[in-house]
Amino acid sequence: MTPDDSTTRDALRAELDQERARAAALETVNRVQAGSLTSLARLAEELRCQVADLHDDTLSSRPMPIQGLRNVTGRMDDLADTLSRAAHGYSGARTTDMIYPTIDDDLRAHGWTPRPDRGLNGVLPPIPITELADRRGYARGWHRGPQWITVWFTGPYALAYADSSDDGRLSDVDTLRAVITSRRSSYADAFAKWAKAQQDAHTVPFDAPYVRVFEHLRAGPWSAIDIDRCDEHGDPAPDGPGQRSVWACPSDPDFRLSVWGIGNQPAHVRYWAGPVVDMAHLVQITGHCR
């Protein structure tokens, strides 16, 4: 075998390896796109069922009351919004995207709470300003105490970008997984400080009793998903002196409010970011729910 033959063989082998890598990357994108179509089809089917139920109700001799109609149309709006965001974001999958099949499971297992999609409107990915015109993905976010993570999905488990409160841009799956699954002492310290700040902020009593908050939420599009009695700490107690309820925003099911109170004493109201400090704050928060 001549040196030229050896060089040619090495070149062919390198070219073959490149073709295999390119084929594997394209196969990964094909799997991501297939998963995206399945996810979008599931959302579309759920929305179709909601529309069909609403259509049947309009033909009924006893249509649902206005509050029920608000709840149904709110859920439809939420599904349509999610479908639109996901379809737009999933259209930009590339072979260079990060692949993280267990991201949802890891987030749930390590105490991360979803942030409302609408609360991420206008949030930009951590990329140079010159690249923003071509940004891709469906932005979803989570928080854990004072920490937050925002991820731009180009498929159910494919990611274009990831950003975090502690580490900034996360450029690979291993770094993102380390942040999600972390139990670092810095996190524990930050969480302790955050929890104390939330407690201190709530030392000023809310300026309305439970019944006023309850009526305000019931008058809007919010849905009460749990109503019960509670003890003096807000914990469920069938014979307790207080009342408690959990409310969901129809246009964003991840956006929930927890309320409890005893008689005419100041109510206690919380949402995903912490305590609601007064009625003005509550009106501001609930005004975003349609």
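Residues numbered from 1 in each chain as written. Predicted model: local features only at pLDDT ≥ 70, side-chain atom pairs only at ≥ 80, totals over all residues. Heavy atoms only, no water.

Novice: Could you clarify how one ought to interpret the pattern of salt bridges in this entry?
Specialist: Any two side chains of opposite charge can pair, on the condition that their charged atoms come close. One pass over the full model with this rule turns up 8 salt bridges. With a shortest N-O distance of 3.6 Å, Asp 104 and Arg 140 are connected by a salt bridge. Taken as a pair, Asp 104 in helix α3 (residues 103–109) and Arg 140 in strand β3 (residues 138–144) lie far apart in primary sequence, 36 residues in all. Assessed through its relative accessible area of 25%, Asp 104 is described here as partly exposed. (Salt bridge = Lys/Arg side-chain N within 4 Å of Asp/Glu carboxyl O. Helix = DSSP H or I, 4+ residues; strand = E, 2+ residues; numbered from the N terminus. Buried < 20%, exposed > 50% of the residue type's maximum accessible area, 1.4 Å probe, protein only.)

Novice: Can you walk me through the nonpolar core in this structure?
Specialist: Considering soluble globular proteins, one finds that nonpolar side chains tend to be buried as a cluster. Ranked by size, the top nonpolar core spans 27 residues in total, and within it Ile 103, Val 151, Leu 159, Leu 176 and Ile 180 carry the most contacts. Counting only elements with at least two residues in this core, the list comes to α1 (3–58), α2 (66–90), α3, β3, β4 (147–153), β5 (158–164) and α4 (173–180). The element best represented in this core is α2, accounting for 6 residues. Sequence-distant contacts of Leu 176, defined by excluding residues within four places in its chain, comprise Tyr 100, Ile 103, Ile 149, Leu 159, Ala 162 and Leu 170. (Core = buried A, V, L, I, M, F, W, Y, C linked by side-chain atoms within 4.5 Å. Contact = heavy atoms within 4.5 Å.)

Novice: Would you mind showing me how to read the layout of surface pockets here?
Specialist: Space left empty within the atom packing is revealed by a probe, the size of a water molecule, rolled over the atoms. The computed volume of the second largest pocket comes to approximately 280 Å³. Forming the walls of the second largest pocket are 16 residues, and the residues nearest its centre are Val 123, Gly 137, Tyr 138, Ala 139 and Trp 152. Of all the secondary-structure elements, those providing two or more residues to the lining of the second largest pocket are α2 and β3. It is α2 that provides the largest number of residues to the lining of the second largest pocket, a total of 4 residues. Looking at the lining of the second largest pocket, its residues break down into 7 nonpolar, 6 polar and 3 charged. (1 Å grid on protein atoms, 1.4 Å probe; cavity = no way out; pocket = protein on both sides within 12 Å on 5 of 7 lines; lining within 4 Å. Points joined across faces, edges and corners; volume = space filled by probe spheres on them. Nonpolar A, V, L, I, M, F, W, Y, C, P; charged D, E, K, R; others polar.)

Novice: It is not clear to me how the packing of aromatic side chains should be interpreted in this structure. Could you clarify?
Specialist: What characterises a pair of aromatic rings is the spacing of the ring centres plus the angle enclosed by the ring planes. If you walk through the whole model with that rule in mind, you get 5 aromatic pairs. With a centroid separation of 5.8 Å and 40° between ring planes, the pair formed by Tyr 210 and Phe 214 is classed as tilted. Of this pair, Tyr 210 and Phe 214 are both found in helix α6 (residues 210–219), 4 residues apart, which corresponds to roughly one turn of the helix. Here Tyr 210 and Phe 214 have matching classes, each one buried. With a centroid separation of 5.1 Å and 75° between ring planes, the pair formed by Phe 214 and Trp 247 is classed as edge-to-face. Here Phe 214 is found in helix α6, whereas its partner Trp 247 is found in strand β8 (residues 242–249), with 33 residues between them in sequence. The buried category is assigned to Phe 214, whose relative accessible area is 15%. When its relative accessible area of 2% is taken as the criterion, Trp 247 is described as buried. Here a set of aromatic residues connected by ring pairs shows up, and it is made of Tyr 210, Phe 214 and Trp 247. The ring centre of Phe 153 lies 4.9 Å from the NZ or CZ of Arg 140, which sits over that ring. Residue placement shows Arg 177 over the ring face of Tyr 100; its charged tip is 4.8 Å from the ring centre. (Phe/Tyr/Trp six-rings, centres within 6.5 Å; stacked < 30°, edge-to-face > 60°. Lys NZ or Arg CZ within 6 Å of the ring centre and 35° of its normal.)

Novice: It is not clear to me how the pairing of β8 should be interpreted in this structure. Could you clarify?
Specialist: Successive side chains on a regular strand alternate, one facing one side of the sheet and the next facing the other. Most of β8 is tucked away, with 7 of its 8 residues classed as buried. Pairing of strand β7 (residues 223–230) with β8, which is carried by 7 bridges, proceeds in the antiparallel orientation. The residue of β8 that forms the bridge with Asp 226 is Val 246. (Pairing = 2+ DSSP bridges.)

Novice: Can you help me understand α6 in this one?
Specialist: Given 3.6 residues per helical turn, the α-helix brings residues three or four places apart onto the same face. All of the buried residues along α6 are Tyr 210, Val 213, Phe 214 and Leu 217. Relative to the axis of α6, the buried residues are bounded by an arc of 100° and lie together on one face. (Arc of directions from axis to C-beta.)

Novice: Sorry, what's going on with the pairing of β4 here?
Specialist: Of all 7 residues in β4, 6 are buried, a share of seventy percent or more. As defined by bridge partners, β3 adjoins β4 across 7 bridges and the pair is classed as antiparallel. Paired with Tyr 138 across the bridge in β4 is Phe 153. Hairpin connection from β3 to β4: 2 residues lie between these consecutive antiparallel strands, with Gly 145 at a positive phi of about 60°. Two elements, β4 and β5, share 5 bridges in a ladder whose sense is antiparallel.

Novice: Can you walk me through the side chain of Arg 136 in this structure?
Specialist: Relative to the helices and strands, Arg 136 is located in the loop between β2 (113–115) and β3. When its relative accessible area of 12% is taken as the criterion, Arg 136 is described as buried. A polar atom in the side chain of Arg 136 sits 2.5 Å from the backbone oxygen of Gly 92. (Polar contact = N/O pair within 3.5 Å; in protein donor to acceptor, adjacent residues only side chain to side chain.)

Everything listed is a geometric property; what it means functionally is a separate question.
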